[in-house]
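Analysis of the macromolecular model
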Amino acid sequence: MTLYGIVDQVSGNLCRVCLADEACGHDCEACAGCSRKNKGRLMEAENDAGAVVGDRVEIHAPESSIIPAAFLVFLLPIALMTLGYALGKYLLDMTLVGVAMAILGATLGVWLCVLYGKKIGKKSSTVYRVSRILMDDE
């Protein structure tokens, strides 16, 4: 996965990057003019490229750590929704109960994904790396 952003702070081999919104066209100046600053768009990355504050950078995250989480987020709610419908429709022989159980199952699946995200977010092993510094015309 490739992300783009502007270096906001450098500390040793780590840097804090303000992620650029795809729609903004990367026009912000060192995040100072970024209307999304401090709204959940900041991340830390290893500064392998030697970027300094204000540099526009390309960040890479290993897909091997992202794919299992995406798989879980998409499939768990669908699986629980299907299971809920099957329990309500076929075991209780009522379609309306099946639909209600499907909604309950999907809601439970989303809730479990949120809890999992909060748990794994605290001890995430995903390492983001600044792979290169972008020039003005990129």
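Residues numbered from 1 in each chain as written. Predicted model: local features only at pLDDT ≥ 70, side-chain atom pairs only at ≥ 80, totals over all residues. Heavy atoms only, no water.

Right, let's get into the overall build of the protein chain. Assigned secondary structure in the protein chain consists of 2 helices and 5 strands. When its helices and strands are written in sequence order, the protein chain yields β-β-β-β-α-α-β. Burial statistics for the protein chain: of 138 residues in total, 25% are counted as buried. Counting only contacts in the protein chain whose residues sit at least 6 apart along the sequence, the fraction spanning at least 24 positions is 71%. Entry remark: accessible area of the protein chain is about 9100 Å², with carbon and sulfur atoms responsible for 63%. (Helix = DSSP H or I, 4+ residues; strand = E, 2+ residues; numbered from the N terminus. Buried < 20%, exposed > 50% of the residue type's maximum accessible area, 1.4 Å probe, protein only. Contact = heavy atoms within 4.5 Å. Areas by Shrake-Rupley, 256 points an atom, 1.4 Å probe, with all protein chains shown as cover.)

A few words now on the packing of aromatic side chains. Evaluated as defined, the whole model comprises 1 aromatic pair. Between tyrosine 85 and tyrosine 90, the aromatic rings sit 6.5 Å apart at their centres with planes inclined by 90°, giving edge-to-face as the arrangement. Exposure remark for tyrosine 90: the relative accessible area of 62% places this residue in the exposed category. (Phe/Tyr/Trp six-rings, centres within 6.5 Å; stacked < 30°, edge-to-face > 60°.)

Here we take up the pattern of salt bridges. The final tally for this structure, using the stated rule, is 4 salt bridges. A salt bridge links aspartate 8 to arginine 16, with the nearest nitrogen and oxygen atoms 2.3 Å apart. Its salt-bridge partner being glutamate 58, residue arginine 132 comes within 3.3 Å of it at the nearest N-O pair. With arginine 132 in strand 5 (residues 129-133) and glutamate 58 in strand 4 (residues 56-60), this residue pair connects regions lying 74 residues apart in the sequence. (Salt bridge = Lys/Arg side-chain N within 4 Å of Asp/Glu carboxyl O.)

Another aspect to go through is a nonpolar patch on the surface. Side chains of Leu83, Leu87, Leu91, Leu92, Met94, Met101 and Leu104 sit close together on the surface and give an oily, nonpolar patch of about 680 Å² of accessible area. Those elements that place two or more of their residues in the nonpolar patch are helix 1 (63-91) and helix 2 (95-122). Counting residues per element, the nonpolar patch draws most heavily on helix 1, which supplies 3 residues. (Patch = residues over 30% accessible without salt bridge, like charges linked within 9 Å, V, L, I, M, F, W, Y side chains within 5 Å.)

Inspection of the secondary structure assignment puts asparagine 47 in the loop between strand 3 (42-46) and strand 4. Exposure remark for asparagine 47: the relative accessible area of 8% places this residue in the buried category. Looking at asparagine 47, its side chain comes within polar contact range of the main-chain nitrogen of glycine 50, at 3.1 Å. Each residue touching asparagine 47, except ones within four places of it in the same chain, is listed here: Val10, Asn13, Leu14, Cys15 and Val130. (Polar contact = N/O pair within 3.5 Å; in protein donor to acceptor, adjacent residues only side chain to side chain.)

Another aspect to go through is the nonpolar core. Listed in full, the 10 residues of the largest apolar core are Val7, Cys15, Val17, Leu19, Met43, Ala45, Ala51, Val57, Ile59 and Val130. Residue assignment for this core shows that the elements contributing at least two residues are strand 2 (14-19), strand 3 and strand 4. Element by element, the count of residues in this core is highest for strand 2, at 3 residues. Those residues in contact with valine 7, other than ones at most four positions away along the chain, are Cys15, Arg16, Val17, Ala51, Val52, Val53, Gly54, Asp55 and Val57. (Core = buried A, V, L, I, M, F, W, Y, C linked by side-chain atoms within 4.5 Å.)

Per-chain confidence: the protein chain averages 78 in pLDDT, with 75% of residues scoring 70 or above. For the stretch residues 23-34, pLDDT sits under 50, and the model shows 13 contacts to residues farther than four places along the chain or on other chains. (pLDDT = per-residue confidence, 0-100.)

Most peptide bonds adopt trans geometry, and most residues besides glycine take a negative phi value. Not every positive phi belongs to a glycine, and aspartate 93 is a case in point at roughly 60°. Relative accessible area serves as the criterion here: at 62%, aspartate 93 is assigned to the exposed category.

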